[in-house]
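# Secondary and tertiary structure notes
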Amino acid sequence: MRFFNTLGHRVEEFKPIEEGKVGMYTCGPTVYNFAHIGNFRAYLFEDILRRTLEYHGCKVTQVMNLTDVDDKTIRDSRAANLPLTVFTRKYKDAFFEDLKTLRIEPAEHYPEATTHIPEMIQLIQNLMDKGIAYQSGDGSIYFSIAKFPAYGQLAKIDMTQQRIGERINSDEYAKDSVADFALWKAWDEKDGDVKWDSPWGPGRPGWHIECSAMSQKYLGKTFDIHTGGIDNMFPHHEDEIAQSEAANGCKFVNYWLHCEHLTVNRQKMSKSLGNFYTMRDLLEKGWSGAEIRWVLIGTHYRSKLNFDIASLDQSRSALKKFADLFRRLDAVAEGDGGLAEAQERAAQAKAKFGAAFGEDLNVAEALAELFKFTKDVKSALAKNLYQKKAAAVILDQYRDFDRILAALDVDAALAQKQDQQAEQSDVPADVLALVQKRVGAKIAKDFATADAIRDELKAQGWIIEDSPAGPRVIKA
Ligand code: AMP
Ligand code: ZN
């Protein structure tokens, strides 16, 4: 496998520290609100990366932190008049629900900032002992950028152009300002009752230190992959590198992968611009997790993806066509006709698909192979080339694609067919025959006949509903 490493700005061969095993850290959500689908584009990119590593035989240990204390969580919990833990609980629960809806494979660890304060204090103490951190007049502890000459390596910042020595206390600061950043923030009244004791007095950790402390705890001082959205790269990830490498004296992370933004009308989807959709917004409008997933994974992670509702329409129609094909494959006659050919075509598709994802997650090429394979399958079906055993091999190959895509849902499509057959068993045979005749008319694009049959059925007291699993008739 090869991935684009932000550290070094080039595609590099991926070599894990321990063969066959990958340690991966993912910056998780700040739980002060429902995550929007821009955030989920980042988590889905990480899911595709994880599934690709697994597809290629690696065992992945993934850590995703939950930022449940920072400027924003404190501000909004106080505005809501709720204790911090009660306030953030609701958004943590919603986040895990959304991950499930989007079929994002669970990480091995979801450490929360508020339950790892001692680890953060220990890391800050280490930086104090080494003279890299210092205490300011208000009691806060800062990281001294001047003491870490390698600062700027990830974001490629020219340190000679920077005014070193300024201090920034807020968790997120402007993209172009290089400043000593807070490791520990001394308590002030804006924090209300949110505070922990420390060797430097009561206060709370800064945002950046949590990822350094928690990644080290679960993955060790040096690990394989660190991911996030592109806006996390600076200052957040640069600061993580500075803290960890200054404290531990060894390389922090070997491969940094960042995904581009999801945009709306070419602007970044963000809470502050108000141009966002949450999963709740889209589920309420009737879109499914698979349909949303299909849109968000379909563009290469290093390209911007402009989101609109029309793309969900296309996603619905694409997934429906797959479901129809799976049911057609399931309906072929018994026998082993076409078996060798199907096996050969499936093996070829698997190799191309896996290689495409292994080449810096080249989803365009992987999907091109999926569609080419599908075209070949349809043409084989049209020629009646495949019997049951061959069709089973083909269906298994679609299940195999879904180890990464997780959207095609072969078995759900087949189950739907069985449900439908059971449900339709009490419909009179002559009514079903008319329904079948209408299917034939529609395939032949004879819409006048199809409409006439619909009217005739209606006159007999039956209503036809066209569903993704094919037509169903219900009593009027
Ligand atoms: P936050 O909760 O703001 O820290 O963001 C969580 C994750 O979502 C981070 O990895 C961000 O980089 C990422 N993110 C935020 N907005 C977008 C967006 N519009 N498109 C893609 N990723 C985003
Ligand atoms: Zn982080």
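Residues numbered from 1 in each chain as written. Chains lettered and ligands numbered in written order. Predicted model: local features only at pLDDT ≥ 70, side-chain atom pairs only at ≥ 80, totals over all residues. Heavy atoms only, no water.

Between two packed helices, what matters for the description is the angle formed by their axes and the separation of those axes. At their nearest, the axes of helix H1 (residues 37–55) and helix H8 (residues 289–297) sit 9 Å apart, and the two run at 80 degrees to each other. With respect to their mutual orientation, H1 and H8 come out roughly perpendicular. Contacts between H1 and H8 involve Ile37, Phe40, Arg41, Leu44, Asp47, Ile48 and Arg51 from the former and Arg293, Leu296 and Ile297 from the latter. (Axes fitted to C-alpha atoms, helices over the stretch in contact; angles between N-to-C directions. Helix = DSSP H or I, 4+ residues; strand = E, 2+ residues; numbered from the N terminus. Parallel < 35°, antiparallel > 145°, perpendicular 65-115°, else oblique. Contact = heavy atoms within 4.5 Å.)

This part covers the coordination of the zinc ion (ligand 2). Ideal geometry at a metal centre: 109.5 degrees between donors when four sit tetrahedrally, and 90 or 180 degrees when six sit octahedrally. For the zinc ion (ligand 2), every protein donor is listed as Cys27 (SG), Cys211 (SG), His236 (NE2) and Glu240 (OE), and the spread of their distances is 2.0 to 2.8 Å. Between the 4 donor atoms coordinating the zinc ion (ligand 2), the angles at the centre fall across 73 to 133 degrees, so the site counts as irregular. Written as a sequence motif, the donor residues of the zinc ion (ligand 2) are C-x183-C-x24-H-x3-E. With His236 and Glu240 both in helix H6 (residues 233–248), this residue pair falls 4 residues apart, about one helical turn. Residue classification places Glu240 among the buried positions, given a relative accessible area of 0%. (Donors = N, O, S within 2.8 Å, 3.2 Å for Na, K, Ca; no water. Tetrahedral: all angles 85-135°; square planar, octahedral: opposite > 155°, others 65-115°. Buried < 20%, exposed > 50% of the residue type's maximum accessible area, 1.4 Å probe, protein only.)

This part covers the site of ligand 1. Ligand 1 sits among 16 residues. The nearest are Gly38, Gly229, Asp231, Leu262 and Met269. One nitrogen or oxygen atom from the main chain of Thr30 is found 3.4 Å from an oxygen atom belonging to ligand 1. Here a nitrogen atom of ligand 1 sits 2.7 Å away from a polar atom, N or O, in the main chain of Leu262. For ligand 1, whose unbound accessible area comes to 490 Å², protein coverage reaches 93%. Taken together, the elements giving at least two residues each to the shell around ligand 1 come down to H1 and strand S10 (223–229). Across the shell around ligand 1, the residue classes tally to 5 nonpolar, 8 polar and 3 charged. (Near = heavy atom within 4 Å. Polar contact = N/O pair within 3.5 Å; in protein donor to acceptor, adjacent residues only side chain to side chain. Areas by Shrake-Rupley, 256 points an atom, 1.4 Å probe, with all protein chains shown as cover. Nonpolar A, V, L, I, M, F, W, Y, C, P; charged D, E, K, R; others polar.)

Turning to the nonpolar core, a few remarks are in order. Grouped together as the largest cluster of nonpolar side chains are 82 residues, with contacts concentrated most on Phe40, Leu53, Trp294, Leu329, Tyr398, Leu405 and Leu408. Looking at this core element by element, the count peaks at 10 residues for H1. Among all residues touching Leu405, those that are not within four sequence positions of it are Arg293, Trp294, Ile297, Phe353, Phe357, Leu367 and Leu370. Grouped together as the second largest cluster of nonpolar side chains are 30 residues, Ile74, Phe181, Val194 and Ala213 included. (Core = buried A, V, L, I, M, F, W, Y, C linked by side-chain atoms within 4.5 Å.)

Across the sheet, which stays open at both edges, the 4 strands sit in the order S4-S3-S10-S11 with parallel pairing between neighbours. Each end of this open sheet is capped by a strand with a single partner; those strands are strand S4 (59–64) and strand S11 (253–259). On average, each strand axis in the sheet is inclined to that of its neighbour by 25 degrees, with strand direction left out of account. (Pairing = 2+ DSSP bridges.)

What follows covers unusual backbone geometry. Residues Phe234 and Pro235 are joined by a peptide bond in cis, for which omega reads 0 degrees. Tracing the backbone shows Pro235 in helix H6. You will see that His9, though not glycine, has its phi angle at about 55 degrees, which is positive. Looking at where His9 falls in the secondary structure, it is placed in the loop between strand S1 (2–5) and strand S2 (10–13). A relative accessible area of 44% means that His9 is categorised as partly exposed. In the Ramachandran plot, Asn265 falls in the positive-phi region, its phi being about 50 degrees despite a non-glycine side chain. With respect to the helices and strands, the residue Asn265 is situated in the loop between strand S12 (262–264) and strand S13 (267–268).

What follows deals with helix H3 (residues 84–101). Quick reminder: α-helices carry 3.6 residues per turn. Residues three or four places apart thus point the same way. The terminal C-alpha atoms of H3, which comprises 18 residues, lie 26 Å apart, in line with the 26 Å expected from a rise of 1.5 Å per residue. Against H1, S4, helix H2 (71–79) and helix H7 (279–284) lie the buried residues of H3. Note on H3: the residue one or two positions beyond its end, Arg103, has a positive phi of about 60 degrees. (Expected span 1.5 Å × (residues − 1).)

Once that is clear, we can look at the pattern of salt bridges. All told, the structure shown has 33 salt bridges when counted by the stated rule. Note that Arg293 and Asp47 form a salt bridge whose closest N and O atoms lie 2.9 Å from each other. Highlighted residues: Arg293 in helix H8 and Asp47 in helix H1, separated in sequence by 246 residues. Two residues, Asp396 and Arg399, come together in a salt bridge whose shortest N-O distance is 2.7 Å. In this pair, Asp396 and Arg399 are both assigned in helix H12 (residues 388–405), 3 residues apart and thus about one turn of the helix distant. On the basis of relative accessible area, Asp396 is assigned to the partly exposed category, the value being 45%. Look at Arg399 and you get partly exposed, because its relative accessible area is 29%. Through salt bridges with shared partners, a single network forms among Asp47, Arg50, Arg51, Glu54, Glu105, Glu108 and Arg293. (Salt bridge = Lys/Arg side-chain N within 4 Å of Asp/Glu carboxyl O.)

On to the pairing of strand S3 (residues 21–26). A large share of S3 lies buried, amounting to 5 of its 6 residues. Pairing of S3 with S4 involves 6 bridges; the strand directions are parallel. Within the sheet, the bridge partner assigned to Val22 lies in S4 and is Val60. This β-α-β element, S3 to H1 to S4, shows right-handed connectivity. (Right-handed = clockwise from strand over helix to strand, strands pointing away.)

Looking now at the packing of helix H9 (residues 309–330) against helix H11 (residues 363–382). Axis separation between H9 and H11 bottoms out at 11 Å; the angle between their running directions is 40 degrees. Relative to H11, the element H9 is oriented oblique. Here the hand of the crossing between H9 and H11 comes out left-handed. Two secondary-structure elements touch here, H9 through Phe322, Leu325, Arg328 and Leu329 and H11 through Leu370, Phe371, Thr374, Val377, Lys378, Leu381 and Ala382. (Left-handed = near helix turned anticlockwise from the far one by under 90°.)

Taken in spatial order, the 3 strands make up an open sheet running S13-S12-S14, and their pairing is mixed. Looking at strand neighbours, the two that pair on one side only are S13 and strand S14 (305–306), the edges of this open sheet. The pairing of S12 with S13 spans 2 bridges and is antiparallel. Bridged to Thr263 within S13 is Lys268.

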